[in-house]
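Topology and contacts: notes
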There are 2 protein chains.
Amino acid sequence: VTLAIGVDVGGTKVLAAAVDTTDPTTILVSHRVPTPTRGPEIAAALVDAARHVLDEVAAKGLGPVAGVGVGLPGLVDLDGMLRAAPNLHGGVGAPIRGPLSDALGLPVVVDNDANCAAWAEVVAGAGRGASHVLLVTLGTGIGGGFVIDGRLHHGAHGFAGEPGHMVVDRAGPLCPCGRHGCWERYASGNGLGRLAREAAARGDAPGLAALAGGDAEAIRGEHVAAAARDADAGALAVFEEFGGWVGLGVANLVNLLDPDLVLVGGGLADVADLFLEHARAAFAGEVMGAADRVPARLEVATLGSDAGAIGAALLAVPAPLPPFAAR
Amino acid sequence: VTLAIGVDVGGTKVLAAAVDTTDPTTILVSHRVPTPTRGPEIAAALVDAARHVLDEVAAKGLGPVAGVGVGLPGLVDLDGMLRAAPNLHGGVGAPIRGPLSDALGLPVVVDNDANCAAWAEVVAGAGRGASHVLLVTLGTGIGGGFVIDGRLHHGAHGFAGEPGHMVVDRAGPLCPCGRHGCWERYASGNGLGRLAREAAARGDAPGLAALAGGDAEAIRGEHVAAAARDADAGALAVFEEFGGWVGLGVANLVNLLDPDLVLVGGGLADVADLFLEHARAAFAGEVMGAADRVPARLEVATLGSDAGAIGAALLAVPAPLPPFAAR
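Attention here is on the structure that accompanies the text.

Cut-offs and rules
Residues numbered from 1 in each chain as written. Chains lettered and ligands numbered in written order. Predicted model: local features only at pLDDT ≥ 70, side-chain atom pairs only at ≥ 80, totals over all residues. Heavy atoms only, no water. Helix = DSSP H or I, 4+ residues; strand = E, 2+ residues; numbered from the N terminus. Buried < 20%, exposed > 50% of the residue type's maximum accessible area, 1.4 Å probe, protein only. Contact = heavy atoms within 4.5 Å. Areas by Shrake-Rupley, 256 points an atom, 1.4 Å probe, with all protein chains shown as cover. Lys, Arg positive; Asp, Glu negative; His and termini not counted. Charge placed at Lys NZ, Arg CZ, Asp CG, Glu CD. Phe/Tyr/Trp six-rings, centres within 6.5 Å; stacked < 30°, edge-to-face > 60°. Lys NZ or Arg CZ within 6 Å of the ring centre and 35° of its normal. Pairing = 2+ DSSP bridges.

Let us look at the overall build of chain A. Counting its regular elements, chain A contains 10 helices and 12 strands. The buried share among the 327 residues of chain A stands at 60%. Contacts in chain A between residues at least 24 apart in sequence constitute 64% of all its contacts with a sequence separation of at least 6. Accessible surface for chain A amounts to roughly 11900 Å². Of this, 54% is attributable to carbon and sulfur atoms. Side-chain charges of chain A comprise 21 positive and 35 negative groups, with the mean position of each set lying 4 Å from the other.

As structure tokens, this is what we get:
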């Protein structure tokens, strides 16, 4: 038994969780706090959440904690500093690792949140046994974590793994990142809502507009999922189009990186049954040399919204992948 | 001194070259033969070219040859078998490594040609000292070779590194691969010609149509380069547009993989002065978090058309990167 704490920092909440890193899918103790918007308060909130978990671990007699891992939503450099974060501006440049380590008296590692989730899936989730795994997290936006040859891929400066800002449609809509037609404009929750609004504007999805109070401009991804669950034809067609965009981006990634496995995580993984087959069909037709190669598998991540915290905990106690995962 | 032979197989010719792998930028002996179109003849041509070089190495008393590396133009699996090749259909599924090794009595490794070139650039060319390097070869089409953490990245099955078939403009022209708007439709020699034909059709490049005998449909990339050398305004504008497409794809790759360095190789590297600054400007504006991160450098590969053969020879004698290249 080696305990570690993982802290997953989202745009609105912080989840701290203690796990046994030799059997990490069960969260032993957890605690949530809201995410502050300003840098010094962010570090203080992380200390607060982690200390709460540490105290409860001690109170339950669960044994010593070896380290703390933190997942941050944005570009994290190799020193653990947040360098860019669309949904956590206040955390950019704020000291995190030092204050946390000093306050808790434990070693702290900091990484990108989707990198943490990818590592969790490879060690203990849907990626077990594979050594080349790409996780794409489809939520409000798109994040990513790439495991290459059994190791988390950070790149030269720590910023690797941002598939959401791969341009797939240069003539497409403007992205907050400044580019046009980023994959995130299509294959995220925001993208799903936009595809649905366009369908409604064309008159192709009357049920969706009704769900959104009659205002086609108010349609969000959640409405599409709800209508699709009720077998609304317009909503199902939007999910088919959405799946095509997912498959297109996945085919790009497979042409570039040739993984064993691509995992779909994030909030949209909960409705993967509504688009994954469409994504697989698009992907299968689009990958280079499709008829002559071993196809990568496209599957759903299995650790859900706990993946980030579990992976952060695992990264706090560095260990090689179990031998079954070696190539 | 450890000699090895590299054999670079192109769509029209085979180049076999002997190098000292401890000082590989000087080709000691080389020999070219035409590339046959049928599988068994391809293997025979490689044996012929390599044996010619081996004999000349022996005649010159240059010492024993340790192994042979082969670079093939297409998807090469981890067993060295060509699995898909738009410009060498006859080689798909043909035994290469076994016949070559048996005939020459030497160990043989087989890899993708752009992977070979990338490895050459990292060991002995423009990538020296960097451990995360992406080579994109801009020729008739686009190839790629990715060095990640100091190692050539093959992916799970050997097929990694095909940036040319990354869709960047889903509404764009059909690619022979079956997708629409692949990067190769824009940022290759073929793409340059197409951009120029479109400019001429708009009336924006009268000088180009004149160079192509008055027929705008006959404009090729070579005409654009020739006209740009003569300071033709229309041709220079086409190169500016072309550079924008190069930069767009490079920004995608940097968002995904965060290298130290992206190298432009292939035939278009010879005219990099006509588009590289435009590509850098586009890339600098498009990469995620550009203002807050260390930028990757975008440079020209330096080993030219010998890179494939040099890299194949280096791969035949596996050695770690020199220590200066470690991160």
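A complete count under the given rule lists eight aromatic pairs over all chains for this structure. With 6.2 Å between their ring centres and 85° between their planes, F239 of chain B and F242 of chain B make a pair best called edge-to-face. Here F239 of chain B pairs with F242 of chain B, and both are found in helix α8 (residues 233–257), just three residues apart, close to one helical turn. As far as burial versus exposure is concerned, F239 of chain B and F242 of chain B are alike and both buried. A centroid spacing of 5.0 Å and a plane angle of 85° characterise the contact between F242 of chain B and F275 of chain B, whose relative ring orientation is edge-to-face. Of this pair, F242 of chain B sits in helix α8 while F275 of chain B sits in the loop between β11 (261–265) and α9 (276–286), and the two are 33 residues apart along the sequence. Given a relative accessible area of 0%, F242 of chain B falls into the buried group. Among the aromatic residues, those joined into a ring-pair cluster are F239, F242 and F275 of chain A. In this structure, R170 of chain B is placed above the aromatic ring of W245 of chain A, and the distance from its NZ or CZ to the ring centre is 4.2 Å.

Another point: the pairing of strand β9 (residues 142–148) of chain B. All names here are of chain B. Of all seven residues that make up β9, seven are buried, and the element is covered over most of its length. Both faces of β9 are covered, namely the face carrying I142, G144, F146 and I148 and the face carrying G143, G145 and V147. Joining the antiparallel neighbours strand β8 (residues 133–138) and β9 is a turn of three residues. Both β9 and strand β10 (residues 151–152) contribute to a ladder of two bridges, which runs antiparallel. Within β10, the residue paired with V147 across the bridge is L152. Counted between consecutive antiparallel strands, the loop separating β9 from β10 contains two residues, among which D149 sits at a positive phi close to 55°.

These figures capture arrangement, not role.
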